[in-house]
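These are the residues of each chain, in order.
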Amino acid sequence: MNYHAKFTVVLSSTVMVALLLFGSVVSKGAASGEGGSDSSDVLKHLKVYTQVLSYISTEYVEEPNIPNVTLGALNGLLEAIDPYASYLNATQYKEYLKNSDGHPADLGMVLAKKYGYIVVVSTVPGSPADKAGLTNGDYIESIKGIGSRDMPLAYAKLLLRGDPGSTVDLSVLRRKPEPQKMTLTRAIVANPPVESRMIDGTVGYIKVSTLGTGKVKEVSTAVLDLQKQGAKKLILDVRNCAVGDPEDGAELANLFLNKGLITYAQGQKFPRKDYNAEAKNAITTLPLVVVTNRATAAAAEVAASGLQGTKRAALVGERTYGDASVLRPITMEDGGAVILSVAKYYSPDGKSIQDNGVTPESIVIDPEAASGDPEDDDAAATPEPAAGSKKPGDDVILKKAIEVAKARG
C-alpha cells in the first residue's frame, strides 16, 4: 500500500469515527448540559484509534484488508455496548428487509453475541435446534460455511431462516475441543403449550417454555385449574424461556400482582414508560415461587424481575441471561443500518435487566447445564444446597423450589 493510499485510509477512517463520536458527545451534552469533559475524552480515544489504524497500515506483517478491519471495528464497538446490536451494510440491510418475514421456517434458537461470535441463549422445545442438542452457551462458529466471527447478529438470524424442509450447515463450538459439524433442517417452529400439574397434593406447578401470543392466557387457565385442584402454593417455572417480548413478561407478572410497578422502559431518546399492575388482571394471591436459569431471557426475565422486586415471589435457580431491550433499526446514508437497543427494561428498583440479569435469592446451579465458561459468574458461584439427591438427571433446582414453596406462608 503506497503512502497516498495509506493516508486516504487513515483520514477517511478517522473522519468516520470522529463523526460517530462527535454525534455521541453532542447527544450526551444536550441531555446533560455538560459536554466539555466528554469532548476531551473523545479526542483522546480518537487519537489512540488513529495511531492504532496507522500502525496496522504501516507495520502489520502483510497488507491488511482495511474494509474488513473497519467492519470488525464497527462490530466490536457495537458488541462492547450491546450484545444484541448489529451493523448491516446496504446489501445486507436490503436482504434483511426483504426476507426477514418472507421465510417462515428456522431452527428455533434465541441468539446473542459473545467474544465476537454468535452464541446460543436458548432453544425452543421440540425445535430442530433442540432436537440437535444445541443449548445455552454453545457457540456457532459458522453458518453455511460463513464464519460467524464479527458477523452481525441480525444477519446470522437471516441466514438461519428459510423455507420449511430446507437445510443449513452449522459448525458448533461446545465443551469438546473440536468444532462439531451438523446439518439441521429448517421447520416452522411451534411454541409449546403451557404445562401444569400438582406436586405433593398442595403445590401447583406451571411450566412456561415460551411467551407470546396467547401464552399468558394459557398460564391464567392453568393457575385457575390448579386452584380448583386444591393448590395452596404455586411454582412458575420459566427456565429456558427466552421467546417473547418484554411486554408479555409484564402481562404475565400482572396475573399474580394487583398493584405496584412491574417494570419500566427508558432510553436517551425514549421517554420512560411504566408498566404497572392492574387489579382487574390479577387472578391469584397464592404464595409464589419463580424458577429461573441462565437461559431465561427477555419476557420471562421481566416477569421474574417484577415479581421479585415487588416481593410477590421468591426466586430459585440461576441468574438469568440478561436480554430486555427495545431494538430498532437506524438507517444510514449509504443504505446500511445499525440495529441498536434504544431503550432498556428495568427492575422496580431501577436495575437494568439487560446489564444485570435477575439473580434469585436461592441460587442453585444445574450441574448438568454448567457451561464451564470462566466468564460465567453462575458457574463459579457456590450453589446453595438443594433438597434431595444431586445425582445426574435429578432436577436439583425444582427440588429446591418445592422446598421454598412449602415454606412460604
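Keep in mind that this is a model prediction, so the values were computed, not measured.

## A look at the overall build of the chain
The helix and strand tally for the chain stands at 12 helices and 17 strands. Relative to its full complement of 409 residues, the chain shows a buried share of 46%. Considering only intrachain contacts with a sequence separation of at least 6, the fraction spanning at least 24 residues in the chain is 68%. Summed over all atoms, the accessible surface of the chain reaches about 20,100 Å², with 53% contributed by carbon and sulfur.

## Quick word on the pairing of strand β12 (residues 273–276)
As judged from the 4 bridges shared by strand β11 (residues 261–266) and β12, these two strands associate in the antiparallel manner. Note on β12: the bridge partner recorded for Thr263 is Tyr275. The turn joining β11 and β12, which pair antiparallel and follow one another in sequence, is formed by 6 residues.

## A short note on unusual backbone geometry
Even without a glycine there, the phi angle at Asp150 is positive, about 65°. Summarising the element assignment, Asp150 is placed in the loop between β5 (146–147) and α6 (153–160). Residue Asp150 is classed as partly exposed on the basis of its relative accessible area of 24%. One non-glycine residue, Ala298, adopts positive backbone phi at about 60°. For Ala298, the location among the structural elements is in the loop between β13 (288–292) and α9 (299–309).

## Regarding the nonpolar core
Ile206, Leu236 and Phe256 are the most contacted members of the largest nonpolar core, which totals 42 residues. Elements that contribute at least two residues to this core include exactly α7 (215–228), β10 (233–237), α8 (246–254), β11, β13, α9, β14 (313–317) and β16 (337–346). In this structure, Phe256 is in contact with Val219, Val223, Leu234, Leu236, Thr284, Leu288, Leu307 and Arg312, ignoring residues within four places of it in sequence. Ranked by size, the runner-up nonpolar core spans 34 residues in total, among them Val119, Leu134, Ala156 and Leu170.

## Brief notes about the side chain of Ser86
Positionally, Ser86 belongs in strand β1 (residues 86–88). Of the residues examined, Ser86 reaches a relative accessible area of 1% and is grouped as buried. A polar atom in the side chain of Ser86 sits 2.8 Å from the backbone nitrogen of Ala154. Apart from the residues lying within four places of it in its own chain, the contact partners of Ser86 are Leu78, Pro152, Leu153, Ala154, Ala337, Val338 and Ile339.

## A look at the packing of aromatic side chains
What the rule picks out here adds up to 4 aromatic pairs. Centre to centre, the rings of Tyr115 and Tyr139 are 6.2 Å apart; their planes meet at 15°, and the pair counts as stacked. Residue Tyr115 is located in the loop between β2 (109–114) and β3 (117–123), and its partner Tyr139 is located in strand β4 (residues 139–143); the two are separated by 24 residues in the primary sequence. For Tyr139, a relative accessible area of 14% puts it in the buried group. With 5.0 Å between their ring centres and 10° between their planes, Tyr264 and Tyr346 make a pair best called stacked. Of this pair, Tyr264 sits in strand β11 while Tyr346 is found in strand β16, placing the two residues 82 residues apart along the sequence.

## Topic: the confidence of the model for the chain
Per-chain confidence: the chain averages 84 in pLDDT, with 82% of residues scoring 70 or above. Predicted confidence for residues 1–16 stays below pLDDT 50, and this span has 19 contacts to residues more than four positions away or in other chains. Every residue in residues 18–37 is under pLDDT 50, and counting partners more than four places away or in other chains gives 15 contacts.

## Brief notes about the sheet that holds β14
Sheet architecture is open: 6 strands sit in the order β8-β9-β10-β13-β14-β17, paired in mixed fashion. Every interior strand has two partners, whereas the edge strands, β8 (195–199) and β17 (362–363), have only one. Bridge analysis of β8 against strand β9 (residues 203–207) gives 5 bridges, and the strand direction is antiparallel. Bridging across to β9, Ser196 finds its partner in Ile206. Docked against the sheet, α7 engages β8, β9 and β10, running at close to 165° with respect to β9.

## A word on the side chain of Lys215
Locating Lys215 in the fold gives a position in helix α7. Given a relative accessible area of 5%, Lys215 falls into the buried group. Reaching out from Lys215, the side chain makes a polar contact with the side chain of Glu218 at a distance of 3.1 Å. Each residue touching Lys215, except ones within four places of it in the same chain, is listed here: Asn191, Pro192, Pro193, Val194 and Thr210.

## Brief notes about α8
Of all 9 residues in α8, 7 are buried; the element is thus mostly enclosed. What α8 keeps buried is the set Pro246, Asp248, Gly249, Ala250, Leu252, Ala253 and Asn254.

## Looking at the pattern of salt bridges
Considering all chains together, one arrives at 12 salt bridges under this definition. Between Asp138 and Arg174 there is a salt bridge; the shortest N-O distance is 3.0 Å. Placement of Asp138 in the loop between α5 (128–131) and β4 and of Arg174 in the loop between β6 (167–173) and β7 (180–185) is noted, with a sequence separation of 36 residues between them. Across the pair Glu403 and Lys400 runs a salt bridge whose closest N-O atoms are separated by 2.9 Å. With Glu403 and Lys400 both in helix α12 (residues 396–407) and 3 residues apart, the pair spans about one turn of that helix. One salt-bridge network, in which partners are shared between bridges, spans Lys207, Asp237, Arg239 and Asp395.

Calculation notes
Residues numbered from 1 in each chain as written. Predicted model: local features only at pLDDT ≥ 70, side-chain atom pairs only at ≥ 80, totals over all residues. Heavy atoms only, no water. Helix = DSSP H or I, 4+ residues; strand = E, 2+ residues; numbered from the N terminus. Buried < 20%, exposed > 50% of the residue type's maximum accessible area, 1.4 Å probe, protein only. Contact = heavy atoms within 4.5 Å. Areas by Shrake-Rupley, 256 points an atom, 1.4 Å probe, with all protein chains shown as cover. Pairing = 2+ DSSP bridges. Core = buried A, V, L, I, M, F, W, Y, C linked by side-chain atoms within 4.5 Å. Polar contact = N/O pair within 3.5 Å; in protein donor to acceptor, adjacent residues only side chain to side chain. Phe/Tyr/Trp six-rings, centres within 6.5 Å; stacked < 30°, edge-to-face > 60°. pLDDT = per-residue confidence, 0-100. Axes fitted to C-alpha atoms, helices over the stretch in contact; angles between N-to-C directions. Salt bridge = Lys/Arg side-chain N within 4 Å of Asp/Glu carboxyl O.

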